[in-house]
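# Structural description and commentary
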Amino acid sequence: MRIAIFGDLHGQLGQAKALWTSVQRKVGKDPFRAIFLGDYVDRGPDSRGVIDWLISLRDATESKGQGAGKVGGQAGCCDVTFLAGNHDLAMAMFL
């Protein structure tokens, strides 16, 4: 299984979605594991949008079950893992 690693999204929703689409296009219909390394918030214009989008990825994966269905509008992804980065932890402490 292929693994795609995403890091330091920093509120850049448009760029994050474009990267996601690019990875899905390269992988095709084969399942892959997506690992998000954190730092989803801070610096960019749409931290909330990034968080909402990541939640939708998680929900789509869970609702379809591991290894099946579509995530982010494309077939292929079967497993998504999220880690928290230092910017995410700082935001959580602030809230």
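Quantities reported herein were computed from a predicted structural model and do not represent experimental measurements.

### What to know about the pattern of salt bridges
Going through the model one piece at a time under the given rule, you end up with three salt bridges. Asp59 serves as the salt-bridge partner of Arg58, at 2.7 Å between the closest nitrogen and oxygen. For Arg58, a relative accessible area of 36% puts it in the partly exposed group.

### Re the packing of aromatic side chains
In total, this model carries seven aromatic pairs according to the counting rule given. The interplanar angle of 85° and the centroid separation of 6.0 Å between the aromatic rings of Trp20 and Trp53 together place this pair among those described as edge-to-face. Placement of Trp20 in helix α1 (residues 13–27) and of Trp53 in helix α2 (residues 47–64) is noted, with a sequence separation of 33 residues between them. An identical accessibility class is assigned to Trp20 and Trp53; each is buried. Aromatic rings pair up to connect Phe6, Trp20, Phe32, Phe36, Trp53 and Phe82 into one cluster.

### Looking at α1
Working note: α-helix, 3.6 residues per turn, so residues spaced by three or four point in the same direction. The end-to-end C-alpha distance of α1, which contains 15 residues, comes to 21 Å, matching closely the 21 Å that a straight helix rising 1.5 Å per residue would cover. The first or second residue beyond α1 is Gly28, which carries a positive phi of 75°.

### Quick notes on a nonpolar patch on the surface
On the surface, Ile3, Ile5, Leu37 and Leu83 cluster together into a nonpolar patch covering about 390 Å² of accessible area. Within the element layout of this structure, Ile5 appears in strand β1 (residues 2–6). The class for Ile5 is exposed, based on a relative accessible area of 56%.

About the thresholds
Residues numbered from 1 in each chain as written. Predicted model: local features only at pLDDT ≥ 70, side-chain atom pairs only at ≥ 80, totals over all residues. Heavy atoms only, no water. Salt bridge = Lys/Arg side-chain N within 4 Å of Asp/Glu carboxyl O. Buried < 20%, exposed > 50% of the residue type's maximum accessible area, 1.4 Å probe, protein only. Phe/Tyr/Trp six-rings, centres within 6.5 Å; stacked < 30°, edge-to-face > 60°. Helix = DSSP H or I, 4+ residues; strand = E, 2+ residues; numbered from the N terminus. Expected span 1.5 Å × (residues − 1). Patch = residues over 30% accessible without salt bridge, like charges linked within 9 Å, V, L, I, M, F, W, Y side chains within 5 Å. Areas by Shrake-Rupley, 256 points an atom, 1.4 Å probe, with all protein chains shown as cover.

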